[in-house]
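Structural description and commentary
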Amino acid sequence: MRFHASTISRVSHFRNRAPFSCQASAKPHSNHKQGCNFGIAFDIDGVILRGRVPIGGSPQALRRLYGDSGELSVPYLFLTNGGGVPETKRAKELSELLGVNIMASQVVQGHSPFRNLLKKFENELIIATGKGDPALVMSEYGFKKVLSLEEFASYFENIDPVSQYKKWTTMPLSNRKAPSVPRYDVSSERVMAAFVVSDPVDWGRDIQVLCDVLRSGGLPGDANSYQPPLYFAADDLEYQAAFPSKRLGMGAFRIALESVFNRTSPKSLEYVTYGKPNPFVFKNAEIILSQLRSSCQNHSENNEVPGSQPFKTLYMIGDNPSVDVKGAQQAGHPWFSILTRTGVFRGKDNHTEFPADLVVDSVEEAVDYILKREC
């Protein structure tokens, strides 16, 4: 059973028109930061990067959002369902790859809203799984008792019946680390919540261990019908990575876990998903963009209260119609969706089910259009 925030539908007055063509080039006027009434949210995979390689003229496009002295002149952020590393580290990586100074506050990942659950689970034992370093992510948010699912599983002998056949667990004995002492008494202390922070690496192990935890009230092997809360950072079925065709995402893992759990348990799996297209994510992005706009205006001599006026337009630039465009449509005014052809979407015309307000070939064309329209 999935839980999600209520959504607001919006029918764009652009959706039945042919896609715009963008050829003009523009740059923000020097006084733009004094009255900036728009902001931009960029997806990353398939829009800004493919793997670790910039695409679509993204470095050039982003540089145009800064002033001559390197100060931010247009409020923008990265709104991605990806993750697995702290926002500070991701901001540093993006800065190096794209050649601009990106702050941690400009990086909103799928798991960023997990911060809001700190009061509920700050001092409770939780497990986190996914690529990267999910336990570090949760620890940096302030959670005090976090174990990665990998570490948690290592304390239960034979919990993964095929672990000996996995190459990454069958290295020579001389290369193995000595068994560590559990930091928490996992044999008696229940897991109070499970978090899928990023795309899981070992689906088989993770599905097995999560089923054990969720069917036992948080204590594998125990007879308890209570299911601890389960949270997913996103629910993308597919996404565009470095490989030419789309890759299975966290939503695919969720479907697999839910299918197995429901077939082996008397109750259906209950869970909460975050990430785009959840309208909550877009509302949160609007708040952050308002704060970034205040920073832009503080560089100017403008006397009005920074960020006091609502945005006229917020642009969502993405490559996935069912995630980026759908999310912007559900969030409603002031969001304006722009779909690029550099990722999941490759169509000649607009997407049929979730048509964007604007379709372009690249993120550079999208920024061209925005600056021409706003300046």
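What counts as what
- Residues numbered from 1 in each chain as written.
- Predicted model: local features only at pLDDT ≥ 70, side-chain atom pairs only at ≥ 80, totals over all residues.
- Heavy atoms only, no water.
- Helix = DSSP H or I, 4+ residues; strand = E, 2+ residues; numbered from the N terminus.
- Contact = heavy atoms within 4.5 Å.
- Buried < 20%, exposed > 50% of the residue type's maximum accessible area, 1.4 Å probe, protein only.
- Expected span 1.5 Å × (residues − 1).
- Pairing = 2+ DSSP bridges.
- Salt bridge = Lys/Arg side-chain N within 4 Å of Asp/Glu carboxyl O.
- Phe/Tyr/Trp six-rings, centres within 6.5 Å; stacked < 30°, edge-to-face > 60°.
- pLDDT = per-residue confidence, 0-100.
- Polar contact = N/O pair within 3.5 Å; in protein donor to acceptor, adjacent residues only side chain to side chain.

Now for the overall build of the protein. Counting its regular elements, the protein contains 10 helices and 16 strands. Put simply, of all contacts in the protein between residues at least 6 apart along the chain, 70% involve residues at least 24 apart.

Mapped onto the elements of the fold, Thr352 is located in the loop between strand 15 (335–340) and strand 16 (358–360). Classification of Thr352 as exposed rests on a relative accessible area of 77%. Residues Thr352 and Pro321 lie 31 residues apart in sequence; the distance between their C-alpha atoms is 9.3 Å.

Another aspect to go through is helix 7 (residues 250–264). For helix 7, which comprises 15 residues, the first-to-last C-alpha distance of 21 Å matches the rise-based estimate of 21 Å (1.5 Å per residue) to within 8%. Looking at the buried residues of helix 7, the elements they touch are strand 9 (193–196), helix 6 (203–215), strand 10 (230–232), strand 12 (247–248) and strand 13 (271–273).

This part covers the pairing of strand 14 (residues 313–318). Burial analysis of strand 14 places 6 of its 6 residues in the buried class, which makes it a mostly covered element. As judged from the 5 bridges shared by strand 2 (residues 38–42) and strand 14, these two strands associate in the parallel manner. Looking at strand 14, one finds that Ile40 is bridged to Tyr315.

Enumeration according to the criterion identifies 17 salt bridges in this entry. Among the ionic pairs, Lys166 bridges to Asp160, the shortest N-O distance being 2.6 Å. The burial state of Lys166 is the same as that of Asp160; both residues are buried. The partner of Asp235 in a salt bridge is Arg254, with the nearest N and O atoms 3.1 Å apart. Placement of Asp235 in the loop between strand 10 and strand 11 (238–239) and of Arg254 in helix 7 is noted, with a sequence separation of 19 residues between them. Residue classification places Asp235 among the buried residues on the basis of a relative accessible area of 16%. Here the residues in one salt-bridge network are Asp43, Lys276 and Asp324, joined through shared partners.

Of note, Tyr369 is situated in helix 10 (residues 363–374). A residue is classified by how much of its surface remains accessible, and Tyr369, at 14% relative accessible area, is buried. Residues Tyr369 and Ile338, 31 residues apart in the sequence, show an inter-C-alpha distance of 9.9 Å.

Attention now moves to unusual backbone geometry. The peptide bond linking Lys276 to Pro277 adopts the cis configuration, its omega dihedral lying at 10°. Locating Pro277 in the fold gives a position in the loop between strand 13 and helix 8 (279–298). The omega torsion across His333 and Pro334 is 10°, close enough to zero to call that bond cis. With respect to the helices and strands, the residue Pro334 is situated in the loop between helix 9 (321–331) and strand 15. Of note in this structure, Asn158 is not a glycine but carries a positive phi near 70°.

So, about the packing of aromatic side chains. Summed over the entire model, instances satisfying the criterion amount to 19 aromatic pairs. Between the aromatic rings of Phe114 and Tyr274, the centroid separation amounts to 5.5 Å while the plane-to-plane angle is 85°, which identifies the pairing as edge-to-face. Placement of Phe114 in the loop between strand 6 (107–108) and helix 3 (118–121) and of Tyr274 in the loop between strand 13 and helix 8 is noted, with a sequence separation of 160 residues between them. The residues Phe114 and Tyr274 share a single accessibility class, namely buried. Look at Phe121 and Phe195: their rings are 6.1 Å apart centre to centre, the planes differ by 85°, and that puts the pair in the edge-to-face class.

Bringing the sheet that holds strand 2 into the picture now. Strand order across the open sheet formed by 6 strands is 6-5-2-14-15-16, with parallel pairing between neighbours. Looking at strand neighbours, the two that pair on one side only are strand 6 and strand 16, the edges of this open sheet. Looking at chain direction, strand 14 and strand 15 are connected through 5 bridges and run parallel. The residue of strand 15 that forms the bridge with Ile317 is Ile338.

With that settled, consider the confidence of the model for the protein. On average, residues of the protein score 88 in pLDDT, and 84% of them are at 70 or above. Taken as a whole, residues 5–25 scores under 50 in pLDDT and shows 38 contacts with residues more than four places along the chain or in a different chain. Confidence over residues 30–34 falls short of pLDDT 50; this stretch has 14 contacts with residues more than four positions distant or in other chains.

Position of Thr340 among the secondary structure elements: in strand 15. Taking the relative accessible area as the measure of exposure, Thr340 reaches 0% and is therefore buried. Sequence separation between Thr340 and Val47 is 293 residues; the distance between their C-alpha atoms is 6.8 Å. Those residues in contact with Thr340 that lie beyond four places of it in its chain are Gly46, Val47, Ile317, Gly318, Asp319, Phe345, Val360, Ser362 and Val363. Within the structure, Thr340 has its side chain in polar contact with the side chain of Thr342 (distance 3.1 Å).

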